[in-house]
Amino acid sequence: MAMKIRLARGGSKKRPFYRVVATDSRMPRDGRFIEKLGTYNPQLPKDSEERVKLDMERVQYWLDQGAQPTDRVSRFLEAAGVLAKKDRANLKKGEPGKKAKDRLQEKADKAAAAAEAAAAPAEAPAEAPAEEATAEE
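Below is a short write-up of the structure. (Residues numbered from 1 in each chain as written. Predicted model: local features only at pLDDT ≥ 70, side-chain atom pairs only at ≥ 80, totals over all residues. Heavy atoms only, no water.)

## Observations regarding the overall build of the protein
To keep it simple, the criterion reads: A run of H or I in DSSP becomes a helix once it reaches four residues, and a run of E becomes a strand once it reaches two; helices and strands are each numbered from the N terminus. For every residue, the accessible area (1.4 Å probe, protein chains only) is compared with the maximum for its type, and the residue is labelled buried under 20%, exposed over 50%, or partly exposed between those bounds. Contact between two residues is taken to exist if any of their heavy atoms lie within 4.5 Å; hydrogens are not considered.
The helix and strand tally for the protein stands at three helices and five strands. Each helix and strand of the protein, ordered N terminal to C terminal, gives the series β-β-β-β-α-β-α-α. Looking at the protein as a whole, 21% of its 137 residues qualify as buried. Here the contacts in the protein between residues at least 6 apart in sequence split such that 27% fall between residues at least 24 apart.

In structure tokens:
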């Protein structure tokens, strides 16, 4: 039997409340579970102690039995210091899309052209007074 430690949703519409449960992976999300291990209330502020409550002894027992925590539950356990932090790679998430890259390239090209244009007139006025001085003599 493949065991999971996962969240089971409760609460009313638009007011979620989750139970952290140990269950067979084939059971429905909110269906039958073997044991309730804690609660998670996302409505509370992040620094609140009541936001995530876990029975660490029972969680450790189920981990020793081979239960696999889901990603969200493993983040709770990492924050509690039960599990080692995993490296998560969201490679595509931080990368801008094609259109954004094109806009950024166009902006860089315009900035480079503006810098060249600003540098060229700065040199021209320096030469102009010298020509005026020779014209007056």
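## Notes on the pattern of salt bridges
To keep things clear, this is the line we draw: Whenever Lys or Arg places a side-chain nitrogen within 4 Å of a carboxyl oxygen from Asp or Glu, that contact is recorded as a salt bridge.
Scanning the model with the defined rule gives five salt bridges in all. Notably, a salt bridge pairs Lys53 with Glu50, separated by 2.8 Å at the nearest N-O pair. Judged by relative accessible area, Lys53 falls into the partly exposed class, the value being 40%. The exposure class of Glu50 is partly exposed, given its relative accessible area of 44%. Residue Asp71 is joined to Arg75 by a salt bridge in which the shortest nitrogen-to-oxygen separation is 3.3 Å. Taken together, the residues Asp71 and Arg75, both in helix H2 (residues 71-80) and four residues apart, mark about one turn of the helix. Its relative accessible area of 42% is what places Asp71 among the partly exposed residues. Accessibility expressed as a relative area gives 34% for Arg75, which makes it partly exposed.

## Side note on the side chain of Thr39
By secondary structure assignment, the location of Thr39 is in strand E3 (residues 35-40). Discounting residues that sit within four places of it in the chain, Thr39 has contacts with Phe17, Tyr18, Arg19, Val20, Arg51, Val52 and Lys53.

## Some details on the packing of aromatic side chains
Selection criterion: What counts as a ring pair is set by centres within 6.5 Å for rings of Phe, Tyr and Trp (its six-membered ring), and what kind of pair is set by the plane angle: stacked under 30 degrees, edge-to-face over 60, tilted for all other angles.
The final tally for this structure, using the stated rule, is three aromatic pairs. With a centroid separation of 5.3 Å and 75° between ring planes, the pair formed by Tyr61 and Trp62 is classed as edge-to-face. Each residue in the set Tyr18, Tyr40 and Phe76 is aromatic and connected to the rest through ring pairs, giving one cluster.

## Things to note about the pairing of E3
To keep it simple, the criterion reads: A pair of strands counts as paired when DSSP detects no fewer than two bridges linking them.
Taking burial as the measure, the six residues of E3 include five buried ones, the bulk of the element. Of the pairings in the sheet, the one linking strand E2 (residues 15-24) to E3 comprises five bridges and is antiparallel in character. Residue pairing for E3: Tyr18 is matched across the bridge by Tyr40. With three bridges connecting them, E3 and strand E4 (residues 52-54) associate as antiparallel partners. Looking across to E4, one finds that Tyr40 is bridged to Val52.

## What about unusual backbone geometry?
The phi angle of most residues is negative, glycine excepted, and most peptide bonds adopt the trans form. For Lys14, which is not glycine, the phi dihedral falls at a positive 65°. Tracing the sequence through the fold places Lys14 in the loop between strand E1 (3-12) and E2.

## Describing helix H1 (residues 56-64)
Note the following rule: Arc definition: it is the arc formed by the directions from the helix axis to the C-beta atoms.
Listed in full, the buried residues belonging to H1 are Val59, Trp62 and Leu63. Down the axis of H1, the smallest arc covering the buried residues is 105°, so these residues share one side. What points out from H1, more than 90 degrees from its buried face, is the exposed set Glu57 and Asp64. Once H1 ends, the next one or two residues include Gly66, with phi positive near 105°.

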